[in-house]
Amino acid sequence: MNVLRVDLLFQIVGIGIFISVLNIVLKQAGKEEQAQLLTLVGVVIVFLLVIQLIGELFHSFRNIFNL
Amino acid sequence: MEIVQVVGFGVIAAVSILFIRQSRPDIAHLLSIGAGVVIVVYVLGYLRMVIDVITDLALEAEINTIFLRTLLRVIGVAYLAEFGAQVCRDAGENSIAAKIEFAGKIIILIMAVPILMAVLESIISFIP
């Protein structure tokens, strides 16, 4: 049976909170460049998760509607 | 009880997006896309059952399967185009959303041409 995947949501929320906390810490320590790179890496990781999910959506659309 | 799951998921997603948006608006936007896709993937599993029932009924009634298949493809293209347009509109790109809807309409029109020709041929055969 299909399940609603709450774990993916919590994964993305966790990455977001983690990145913002580490960003604050790095900015307090005066390391602006590392904070910028950390933001970029966080966005890329979340983007990879969402891209996989969208790929799954397209796959199931193709299966169901014979596209 | 599935609706309870979906509503709970939506409320949790909305509150987390509200929470994340203050510090990281970009991740909040990706999170909203992800939550929407999770709900759609969940509902597509049930939609598959509905479509199986409709296909069985059409086979029982001995309707030409080409028509049903074209109808299902049109429904799929319409759903997918609507979804993509909504995602673009959420990101504030109204013009790209309008173009996606336009492309969906054109592709549906191309898919519907064989049915249109069949209807026209049957009408012409009625005329003596």
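Residues numbered from 1 in each chain as written. Chains lettered and ligands numbered in written order. Predicted model: local features only at pLDDT ≥ 70, side-chain atom pairs only at ≥ 80, totals over all residues. Heavy atoms only, no water.

Q: Give a detailed account of unusual backbone geometry, specifying residues and quantitative values.
A: If you check the backbone angles, glutamate 62 of chain B has positive phi at about 55° while not being a glycine. Along the chain, glutamate 62 of chain B turns up in the loop between helix H2 (25–60) and helix H3 (65–90). (Helix = DSSP H or I, 4+ residues; strand = E, 2+ residues; numbered from the N terminus.)

Q: How would you summarise the interface of chain B and chain A if you had to cite specific residues and measurements?
A: Contact residues are listed per partner, giving 40 residues for chain B and 33 residues for chain A. At the boundary of chain B with chain A, total buried surface from both sides reaches about 3200 Å², with 84% on carbon and sulfur atoms. Among the residues of chain B in contact with chain A, Arg24, Ile27 and Leu30 of chain B are the three that bury the most area, contributing 18% of the side total. Viewed at the interface, chain A and chain B are joined by 0 salt bridges. In this assembly, chain B and chain A are joined by 0 residue pairs in polar contact (both at pLDDT 80 or more). When residues of the side of chain B that touches chain A are traced back to their parent elements, those giving at least two are helix H1 (2–21), H2 and H3 of chain B. For the side of chain B that touches chain A, the leading source of residues is H2 of chain B, giving 20 residues. For the side of chain B that touches chain A, the residue count by class is 29 nonpolar, 6 polar and 5 charged. (Contact = heavy atoms within 4.5 Å. Buried area = accessible area lost by both parts, 1.4 Å probe. Salt bridge = Lys/Arg side-chain N within 4 Å of Asp/Glu carboxyl O. Polar contact = N/O pair within 3.5 Å; in protein donor to acceptor, adjacent residues only side chain to side chain. Nonpolar A, V, L, I, M, F, W, Y, C, P; charged D, E, K, R; others polar.)

Keep in mind these values describe shape, not function.
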